[in-house]
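Residue-level listing of the chains:
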Amino acid sequence: MVIVEGVPAYLYLDEEYIAHHLGRRQRGYGRGGRQQIERDHAHIQTGVRHGYTLGSPIGMLIENRDWVNWQEAMAVEYVENPSQEGRNQRVTRIRPGHADLPGAMKYGFHDVRNSLERASARETAARVAAGAVAMKLLEEFGIKLHSHVLSIGRVKANPPDQGAIDWDAVEESPVHCADSDVADQMMAEVDAAREAGDTVGGVVEVIAEGVPIGLGSHVHWDRKIDAKISQALMSINAVKAVSIGEGWDLLDRWGSEFQDVIEPVTDPDRPWQRKTNRAGGTEGGMTSGTPLVARFVIKPIATLHNPLPSVDLDTGEPVQAHFERSDVCQAPPAGVIGEAMMALVLADAFMEKFGGDSIPETKRNFEGYQATVGPRLRYS
């Protein structure tokens, strides 16, 4: 069950729009067998009537088709002396890099199944459904989100000009990459990892266009927009690093080489243009009016078909790590999840600044603010 609160009334929303984004999450070269089972669809239960939001919480239900095979193993009711065969068998062979060991120690579990099921990236289906609602809200105000893969394993795409990316082509790419010249190499990297019983990670970039200046805060440490986006992206399963803009590349630059110079205002309808966007659309914890750009690294998945050496939870003795059905590479679908997480953060910041009880009221607030964004002498 997914619950989204804070959406104003009179936003047009249907299940097909959400299903489109859920379908994008399930695609991508390197996906495993689970995606052949599930056909994710979010059934809207509450908060929408006749196609429009009501201002009340939006409830959505996403079913797991595979649940029918796990009803006994994951039963809610108490089971005395449960069978230790098939899916009921306790999992004690710990996987390095997963939540298995810390989860078992933290909660006192004797069966790693209790940790690994909740730590599964399956939960990101709920994030994408919630994020789709946030995207729909942001689109009402001209804000659009996209993502693309910058690298998979050792194969790196040529850095594209953000304004020249063909997003339709990215959506058609099996590896969700803007550089068609390296797509085949990326797929070959995934194939090599699969053949070796291994996994491979990558780098993904998320871009939000049309973001107004001033979302976030320079006053409150916990409301800085770049900090909130970083936390949201880091919360995605297997993400190990986040960069806002070109943050990873600035270590050897001088200040004059990194700052985004502000150009003279020649068009009052387009003030505060920048020559570059190295900072990724943020300054001082607030959006700067340029596209908001964040990159993140998703590590190679911890579940390997050719398992790593590990230890047994019961005895501490050497064993081969447990294998659970898994993907080979999660970089392509991770971009869709990244879009959802950035959309949730932006929608929250947007409604904090402009929010009303309905879309018309919020639009009046937004348009009134936008009319004041320009050289101060215009409003003195």
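Residues numbered from 1 in each chain as written. Predicted model: local features only at pLDDT ≥ 70, side-chain atom pairs only at ≥ 80, totals over all residues. Heavy atoms only, no water.

Per an unreviewed UniProt entry, the protein is named chorismate synthase, and its organism is Geodia barretti. The Pathway (unreviewed entry) field of the UniProt record for the protein holds the comment "Metabolic intermediate biosynthesis; chorismate biosynthesis; chorismate from D-erythrose 4-phosphate and phosphoenolpyruvate: step 7/7." According to the UniProt record, the Sequence similarities (unreviewed entry) comment for the protein reads "Belongs to the chorismate synthase family." (UniProt positions renumbered as here; feature names shortened; annotations may be inferred.)

Let's shift gears to the overall build of the protein. Across its full length, the protein holds 11 helices and 14 strands. Taken against the 2.2 N^0.38 rule, which gives 21 Å for 380 residues, the C-alpha radius of gyration of the protein at 23 Å falls within 12% of a compact globule. Dimensions along the principal axes, computed over C-alpha positions, put the protein at roughly 75 × 50 × 40 Å. When the 380 residues of the protein are sorted by exposure, 46% land in the buried category. Contacts in the protein between residues far apart in sequence, at least 24 positions, make up 72% of those at least 6 positions apart. When the accessible area of the protein is evaluated, it comes to approximately 19700 Å², of which 51% is carbon and sulfur surface. (Helix = DSSP H or I, 4+ residues; strand = E, 2+ residues; numbered from the N terminus. Rg over C-alpha atoms; globule rule 2.2 N^0.38 Å. Buried < 20%, exposed > 50% of the residue type's maximum accessible area, 1.4 Å probe, protein only. Contact = heavy atoms within 4.5 Å. Areas by Shrake-Rupley, 256 points an atom, 1.4 Å probe, with all protein chains shown as cover.)

Time to look at the sheet that holds strand β1 (residues 2-4). In spatial order, the strands read β1-β5-β2; together these three strands make up an open sheet with antiparallel pairing. Taken across any chain shown, the strands that pair with only one partner, and hence form the sheet edges, are β1 and β2 (42-46). Across the sheet, the mean angle from the axis of one strand to that of its neighbour is 30°, orientation sign disregarded. Sheet contacts for helix α5 (residues 124-139): β1, β2 and β5 (58-62); angle to β5, the most-contacted strand, approximately 145°. (Pairing = 2+ DSSP bridges. Axes fitted to C-alpha atoms, helices over the stretch in contact; angles between N-to-C directions.)

So, on to the pairing of strand β6 (residues 144-152). Among the nine residues that make up β6, eight are buried, leaving the element largely enclosed by the rest of the structure. Relative to strand β8 (residues 202-209), β6 is paired through eight bridges, and the arrangement is antiparallel. Its bridge partner lying in β8, leucine 145 is registered against alanine 208. Two elements, β6 and strand β7 (residues 155-156), share two bridges in a ladder whose sense is antiparallel. Counted as the bridge partner of isoleucine 152 is valine 155 from β7. Count of turn residues in the β6/β7 antiparallel hairpin: two residues, of which glycine 153 carries a positive phi of about 60°.

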